[in-house]
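Summary of structural features
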Protein chains: 2
Amino acid sequence: MRSFEIKLKEIGKIIEKALDNYLPKSNEYPSKIHEAMRYSTFNGGKRIRPILTIKAAELFDLPGEKVLPTACGIEMIHTYSLIHDDLPVMDNDDFRRGKPTCHKVFGDAIAMLAGDALLTLAFRTIAKNAQIEGISLKAVIEVIDRISLASGSLGMIGGQTIDILSQGIEIDEDTLFYMDSHKTGCLIRAALWSGARLAEAPASALDKLDKLGEKIGLIFQIVDDLLDVHGDEKKLGKPVGSDIKNKKNTFLSIFGYEKSKKLVKVLSDESKEIASEFKNSRFFMQFIDFLVERQY
Amino acid sequence: MRSFEIKLKEIGKIIEKALDNYLPKSNEYPSKIHEAMRYSTFNGGKRIRPILTIKAAELFDLPGEKVLPTACGIEMIHTYSLIHDDLPVMDNDDFRRGKPTCHKVFGDAIAMLAGDALLTLAFRTIAKNAQIEGISLKAVIEVIDRISLASGSLGMIGGQTIDILSQGIEIDEDTLFYMDSHKTGCLIRAALWSGARLAEAPASALDKLDKLGEKIGLIFQIVDDLLDVHGDEKKLGKPVGSDIKNKKNTFLSIFGYEKSKKLVKVLSDESKEIASEFKNSRFFMQFIDFLVERQY
């Protein structure tokens, strides 16, 4: 596992170099907004979504660097969603990955604008994928459509809407699955799909990858829910118990610890079965284990 | 002037029909977010930006309906910016166009998410322009790039950042021009540019149209500043004096009434001179007069 985490960090560094390139410099006018955008982008994230985009492209023999604009655009969308989620009107969280959240440093208004600006910049960055040799314009247009759908009101924002509306109210299992598959799963699915689509993967493979993304997304969210109560604050970089404080519905609150753990095991077996159908599935096998065992 | 306003309303209706088509229905799950998105989209806006996109396309012999997806995407970006602007963390405004603002009806969290969702949907909608016959994929990619640049931290959000940071502080004339040309001008320029680019207008014409957009944007903002103090609350649909309440720097506060009026006259003459160079400039001539004389 250690050597796999080192591998993830290495890909993460390539992504961070590209992000540094796509984001306006800190001293570019008006500097305050660019400082805020960079503060939240470079704060030790795991870069899971862009890594999946790169690895999905490589699965279909397209070098990972050819999808870097799209991978970075997806990471910008993820970062904006965290900034807005942390705001006082949403979860009101003061810490993320061991550092004060964006609005604690820059104020609520600039934090909101920094989130807006990252979301806006994301689509420009994805569009830059059209300039890379060997990438079809049609694929880029489809990827923009897919990522927008996955992160909008019928995807990620749809999940966040249910999250907000159901605080303090107990929801049923279907609503929990909707909420979590949308809040986290949709963007993870789109990250995988986009890498493969840019690599001109056949439709049947895209469907298979989408199913893998659905299961990976759920594993990610269930483990997140478990870590929020049973995790180590130092490793997580934020106080545990935020979900309880915000009266959130989670896998833990609805299914309990044992049943949630079992669900993770079932999903991980199913994910590995799907992944095994691809010709070079080693990375994905290790990645699924990493998601299940992660402490942060 | 009356008949021109009727013409604007007619084009506005075509845009609203298209917006209705692109936005998820109110009863689509999760309905609360779609109600909020629709509440703010259909609230009697003048549809100035999408009308400019359509008219810019027609200037280069492309039927206006061929750029409707892009025109609607731009209007979604404008709408999201108003929702976020009205939030308590920004301008804290309770009324817009005679109705309570989005957060007054749906709460701050859902209003923020509705803004996020409209911004996200905008790029999917613009990407749909690639499906329309006769439109080149390359033009659509360039339009996405341009609209993202115009509405991001180096464009509209850059202007809003200065607006927020300079509340209660007196700024110099250069900063005022930066703030207003970015807050309002950038998206208006992009609206014109995008319509013409989709119509495959030559580079020299795109540059000319961009200069026209710059001046139109400034006229729009100066008149806005004047109306905020000297306007009629009933016609405006919101209380006057919001800028003074929020200690905003405006053309009125920095140049005074007479000098601001003179600036509008100079800009309107210059705009008409640029517009007259196009072969069929009648609409733009009338539009400039409308902007100068508008009461709402």
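All of the points below concern the structure found in this document. Predicted model only: the values in this text are computed from it and were never measured.

1. Here's the deal with the interface of chain B and chain A
Accessible area lost when the parts come together is the quantity often used to give the size of an interface. Counting residues at the interface gives 49 residues for chain B and 49 residues for chain A. With both sides pooled, the region where chain B packs onto chain A buries about 4100 Å², and carbon together with sulfur makes up 76% of that total. Summed over the three residues of chain B that lose the most area to chain A, namely B:Thr120, B:Arg124 and B:Ile141, the buried surface amounts to 15% of that side. Our count for the contact surface shared by chain B and chain A stands at two salt bridges. For the salt bridge of A:Arg124 with B:Asp145, the shortest nitrogen-to-oxygen distance reads 2.9 Å. The interface formed by chain B and chain A contains eight residue pairs in polar contact (both at pLDDT 80 or more). Contributing elements (two or more residues each) for the side of chain B that touches chain A: helix H2 (31–41), helix H4 (68–86), helix H6 (108–127), helix H7 (137–151), helix H8 (156–165) and helix H9 (173–198) of chain B. The element contributing the most residues to the side of chain B that touches chain A is H6(B), with 13 residues. Within the side of chain B that touches chain A, the residues separate by chemical class into 30 nonpolar, eleven polar and eight charged.

2. Quick word on the packing of aromatic side chains
Counted by the stated rule, this structure contains 25 aromatic pairs over all chains. A ring pair is formed by A:Phe283 and A:Phe284, whose centres lie 5.4 Å apart and whose planes are at 90 degrees; its orientation type is edge-to-face. Judged on exposure class, the residue A:Phe283 and its partner A:Phe284 are both buried. Summarising the aromatic geometry, the rings of B:Phe287 and B:Phe290 are spaced 6.2 Å apart at their centres and angled 40 degrees between planes, so their arrangement reads as tilted. In this pair, B:Phe287 and B:Phe290 are both assigned in helix H14 (residues 282–293), three residues apart and thus about one turn of the helix distant. We note that B:Phe287, like B:Phe290, is buried. Chaining the aromatic ring pairs together yields one cluster made of A:Phe4, A:Phe283, A:Phe284, A:Phe287, A:Phe290 and A:Tyr296. The positively charged end of A:Arg49 is found above the aromatic ring belonging to A:Phe220, 5.5 Å away from the centroid. Looking at B:Arg294, its charged tip hangs above the ring of B:Phe220, at a distance of 4.1 Å from the centre.

3. Here we look at the environment of B:Ile51
Residues and elements named next belong to chain B. Along the chain, Ile 51 turns up in helix H3 (residues 48–59). Considering only alpha carbons, one finds Ile 51 and Gly 12, 39 residues apart in sequence, at a separation of 7.1 Å. The residues contacting Ile 51, other than those within four sequence positions of it, are Leu 8, Ile 11, Gly 12, Ile 15, Lys 46 and Phe 283.

4. Examining the pattern of salt bridges
All names here are of chain A. What the rule picks out here adds up to 48 salt bridges over all chains. With its nearest N and O atoms 2.7 Å apart, the salt bridge here joins Arg 197 to Glu 142. On the criterion of sequence distance, the pair formed by Arg 197 in helix H9 (residues 173–198) and Glu 142 in helix H7 (residues 137–151) is long-range, its members being 55 residues apart. Residue Glu 142 is classed as partly exposed on the basis of its relative accessible area, which comes to 25%. Among the ionic contacts, a cluster of salt bridges with common partners joins Asp 91, Asp 163, Asp 180, Lys 183 and Lys 248.

5. With respect to the relation of the copies chain B and chain A
Of the transformation superimposing chain B on chain A, the axial component is 0.0 Å and the angular component is 180 degrees, with the fit at an RMSD of 0.0 Å. What we have between these two chains is a two-fold relation. Minimal C-alpha separation from the rotation axis in chain B is found for B:Leu137, amounting to 3.2 Å. A share of 100% of interface residues in chain B that are also interface residues in chain A marks the association as one of identical surfaces.

6. What about the nonpolar core?
In this structure, A:Phe287 and B:Phe287 are the most contacted members of the largest nonpolar core, which totals 206 residues. Each residue touching B:Phe287, except ones within four places of it in the same chain, is listed here: B:Phe4, B:Leu8, B:Ile48, B:Leu52 and B:Ile216.

7. Examining H8(B)
Buried residues dominate H8(B), accounting for nine of its ten residues. Residues of H8(B) that are buried include every one of B:Met156, B:Ile157, B:Gly158, B:Gly159, B:Gln160, B:Thr161, B:Ile162, B:Asp163 and B:Ile164, and no others. Buried residues belonging to H8(B) abut helix H2 (31–41) and helix H6 (108–127) of chain A together with H4, H7 and H9 of chain B.

8. Describing the packing of H4(B) against H8(B)
Relative placement of two packed helices is described by the angle separating their axes and the distance separating the axes. Residue and element names in this part refer to chain B. Two elements in contact, H4 and H8, have axes separated by 12 Å at closest approach and are oriented at 15 degrees. Put simply, H4 runs roughly parallel to H8. Of the two possible hands of crossing, H4 and H8 adopt the one that is right-handed. Only Met 156, Ile 157 and Gln 160 of H8 make contact with H4, whose side of the interface consists of Ile 77, Tyr 80, Ser 81 and Asp 85. Considering only residue class, the contact of H4 with H8 consists of four nonpolar, two polar and one charged.

How each quantity is defined
Residues numbered from 1 in each chain as written. Chains lettered and ligands numbered in written order. Predicted model: local features only at pLDDT ≥ 70, side-chain atom pairs only at ≥ 80, totals over all residues. Heavy atoms only, no water. Contact = heavy atoms within 4.5 Å. Buried area = accessible area lost by both parts, 1.4 Å probe. Salt bridge = Lys/Arg side-chain N within 4 Å of Asp/Glu carboxyl O. Polar contact = N/O pair within 3.5 Å; in protein donor to acceptor, adjacent residues only side chain to side chain. Helix = DSSP H or I, 4+ residues; strand = E, 2+ residues; numbered from the N terminus. Nonpolar A, V, L, I, M, F, W, Y, C, P; charged D, E, K, R; others polar. Phe/Tyr/Trp six-rings, centres within 6.5 Å; stacked < 30°, edge-to-face > 60°. Buried < 20%, exposed > 50% of the residue type's maximum accessible area, 1.4 Å probe, protein only. Lys NZ or Arg CZ within 6 Å of the ring centre and 35° of its normal. Least-squares fit on C-alpha atoms with pLDDT ≥ 70 in both. Core = buried A, V, L, I, M, F, W, Y, C linked by side-chain atoms within 4.5 Å. Axes fitted to C-alpha atoms, helices over the stretch in contact; angles between N-to-C directions. Parallel < 35°, antiparallel > 145°, perpendicular 65-115°, else oblique. Left-handed = near helix turned anticlockwise from the far one by under 90°.

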